[in-house]
Amino acid sequence: MDYVSALVPPVVMAVFFIGVVRVIVKTQGGAAKAKEDAAVDAALSRTEGARQAPAGTDA
């Protein structure tokens with residue numbers, strides 16, 4: 001019976017990990033994808049603008 005108690009924790013963790021991966025995969029895309037993409041694009045353009053603004057003012 002020692003082998004059963006040794007195998008239970010890895011099996012439980014594997015099942016939990018598979019469940020987490022399935023949730024992540026299922027939540028990709030969908031109705032909120034365009035909204036999330038727009039938020040990321042806005043954040044990237046703000047950081048790019050902040051990086052380029054000091055370089056443009058020194059010239």
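Definitions and cut-offs
Residues numbered from 1 in each chain as written. Predicted model: local features only at pLDDT ≥ 70, side-chain atom pairs only at ≥ 80, totals over all residues. Heavy atoms only, no water. Helix = DSSP H or I, 4+ residues; strand = E, 2+ residues; numbered from the N terminus. Buried < 20%, exposed > 50% of the residue type's maximum accessible area, 1.4 Å probe, protein only. Areas by Shrake-Rupley, 256 points an atom, 1.4 Å probe, with all protein chains shown as cover. Patch = residues over 30% accessible without salt bridge, like charges linked within 9 Å, V, L, I, M, F, W, Y side chains within 5 Å. Salt bridge = Lys/Arg side-chain N within 4 Å of Asp/Glu carboxyl O. Expected span 1.5 Å × (residues − 1). Bend = angle between axes of the 7 residues up to and from the residue.

1. Points about the overall build of the protein chain
Within the protein chain one finds two helices and zero strands. Per-residue burial for the protein chain yields a buried fraction of 0% across its 59 residues. About 5,300 Å² of surface is accessible on the protein chain, with carbon and sulfur atoms providing 70% of the total.

2. Section: a nonpolar patch on the surface
A cluster of nonpolar side chains, contributed by Met 1, Tyr 3, Val 4, Leu 7, Val 8, Val 11, Val 12 and Val 15, occupies part of the molecular surface with about 820 Å² of accessible area. Structurally, the position occupied by Met 1 is in the segment before α1 (2–27).

3. Structural notes on α1
Spanning 26 residues, α1 covers 39 Å between terminal C-alpha atoms, matching the ideal 38 Å at 1.5 Å per step. Bending of α1 peaks at approximately 30 degrees at the position of Val 8, with proline Pro 9 no more than four residues after it. Following α1 by one or two positions, Gly 29 adopts a phi angle in the positive range, close to 85 degrees.

In short, shape yes, function no, at least from these values alone.
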